[in-house]
Amino acid sequence: MDGVGGQPAWAWIFILEGLATVVAGVMSFWIIVDLPQDAKFLTEAERTVVIRRLQGDAQFSAAGEKLKWKYIKQSLTEWKTYLAMIVFAGIDMPLYTIALFLPSIINQLGYTATPANLLTVPVYVAACICTCGVGFLADRYSKRGLFNLIFLSIAVIGYVILLASRNAKLSYIATFLAACGVYPCASNTVAWVSNNVEGSSKRSVSLAMLVSSGNIQGVISSNVYRANQAPRYTLGHSLVLMYIAIGIVSTLLLRFTLNAENARRDRGERDELVDNQDGGRAVNGHFSSMDEAKREKGDKWSGYRYTL
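Residues numbered from 1 in each chain as written. Predicted model: local features only at pLDDT ≥ 70, side-chain atom pairs only at ≥ 80, totals over all residues. Heavy atoms only, no water.

## A closer look at the environment of Val-283
Within the secondary structure layout, Val-283 lies in strand S2 (residues 281-287). Separated by 11 residues in the primary sequence, Val-283 and Glu-272 have C-alpha atoms spaced 7.7 Å apart. (Helix = DSSP H or I, 4+ residues; strand = E, 2+ residues; numbered from the N terminus.)

## Quick word on empty space enclosed by the protein
With the rule as written, the count across this model stands at one cavity of 30 Å³ or more. The calculated volume of the largest cavity comes to roughly 70 Å³. Considering the residues around the largest cavity, the lining is formed by Lys-80, Thr-81, Ala-84, Trp-192, Val-193, Asn-196, Val-197, Leu-254 and Leu-258. Within the residue set of the lining of the largest cavity, elements represented by two or more residues are helix H4 (79-108), helix H7 (168-195) and helix H10 (234-266). Examining the composition of the lining of the largest cavity, we find that three residues originate from one element, H4, more than from any other. For the lining of the largest cavity, a count of residues per class yields six nonpolar, two polar and one charged. (1 Å grid on protein atoms, 1.4 Å probe; cavity = no way out; pocket = protein on both sides within 12 Å on 5 of 7 lines; lining within 4 Å. Points joined across faces, edges and corners; volume = space filled by probe spheres on them. Nonpolar A, V, L, I, M, F, W, Y, C, P; charged D, E, K, R; others polar.)

## Section: unusual backbone geometry
With omega at 5°, the peptide bond leading from Ala-230 into Pro-231 counts as cis. Looking at the secondary structure, you find Pro-231 in the loop between helix H9 (217-224) and H10. At Ser-142, a residue that is not glycine, the phi angle is positive and equals roughly 55°. Positionally, Ser-142 belongs in the loop between helix H5 (113-141) and helix H6 (144-164).

## Quick notes on the state of the cysteines
Counted according to the given criterion, the structure contains zero disulfides. Not engaged in a disulfide, the cysteine Cys-180 finds its nearest cysteine sulfur in Cys-130; these two sulfurs lie 3.6 Å apart. Cys-180 gets classed as buried once you look at its relative accessible area, which sits at 12%. (Disulfide = S-S within 2.5 Å. Buried < 20%, exposed > 50% of the residue type's maximum accessible area, 1.4 Å probe, protein only.)

## Re the side chain of Thr-175
The topology assignment puts Thr-175 in helix H7. Contact partners of Thr-175, with chain neighbours within four places excluded, come to Ile-98, Phe-101, Leu-102, Ile-105, Val-123 and Leu-162. (Contact = heavy atoms within 4.5 Å.)

## Examining the packing of aromatic side chains
Where two aromatic rings form a pair, the distance of their centres and the angle of their planes describe that pair. Summed over all chains, the structure comprises eight aromatic pairs. Between the aromatic rings of Phe-101 and Tyr-159, the centroid separation amounts to 6.0 Å while the plane-to-plane angle is 80°, which identifies the pairing as edge-to-face. Taken together, the residues Phe-101 in helix H4 and Tyr-159 in helix H6 connect sequence positions 58 residues apart. Tyr-159 shares its class with Phe-101; the two are buried. Consider the rings of Tyr-304 and Tyr-306, whose centres lie 5.6 Å apart with planes at 65°: the pair is edge-to-face. There is no split in this pair, since Tyr-304 and Tyr-306 are both buried. (Phe/Tyr/Trp six-rings, centres within 6.5 Å; stacked < 30°, edge-to-face > 60°.)

## Let's talk about the nonpolar core
Within the largest apolar cluster, 49 residues are counted, with the highest numbers of intra-cluster contacts made by Ile-91, Phe-101, Tyr-159, Leu-162, Tyr-225 and Leu-254. Those elements that place two or more of their residues in this core are H4, H5, H6, H7 and H10. Top element by residues in this core is H4. It accounts for 12 residues. Ignoring any residue separated from it by four or fewer positions in sequence, one finds Tyr-225 in contact with Thr-97, Leu-100, Phe-101, Tyr-159, Tyr-233, Gly-236, His-237 and Val-240. (Core = buried A, V, L, I, M, F, W, Y, C linked by side-chain atoms within 4.5 Å.)

Spelled out as structure tokens, the structure:
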């Protein structure tokens, strides 16, 4: 397509990919549904099954809720949302960097043009496989924070090798460790926050805040990998290791605080006063039924347990 419409071939790559994104975005208004009851492609029986499965996964709002300012306010004032934003920032900045230094490593190996592009594929395929595996296992065992810690540690090994290596082949292998360590943690952290926020409106705001905190890290990563430091990128790799350390520490802190809150609920310190039921504390709220307590308090409800 070189020269078509007066544009070079490389420009058409961006034009076509951008156009596909725009078209998909417009179509999403009709394709993506907000709630199970809005899904016209489901039968009534199927909607009931979907709602029950979501509610069984502690998503009490799956049957629908009205947007209220208090839900947005809860998200904006939620401590764990801001701590999770730090976790995600510590993951997303390193994630953006891989595409910045990988081409220079492949160039060192003596490959250019199409062969060089093809050599980037195995790195991302390996990262994809790890991401799918972590997604399955972390959900199965409800240990998302633990998987973050394991794979961020793998990323540390990769970036330490990249920082110290003077051998292109070794650096290429280290890139696999870096990618397989960082990529799974990004989606795992998004799922972790989603697991620990109840209420459709509150979850939407919390996830938007989380993703924004990660996306802005691209500004930093693109400015610390400088051409005059290729191929070792001492400044870039050093800052990435600092970010991963922040991700590890904040993951530990988030996991510890969530576990402490679960323990308080196990001891009954968060129990609400519910009509016709024994126990509870007025300071935790007074409700006519347990269903009302679930609906009004969301993940603050005493029976809700956070995923660690």
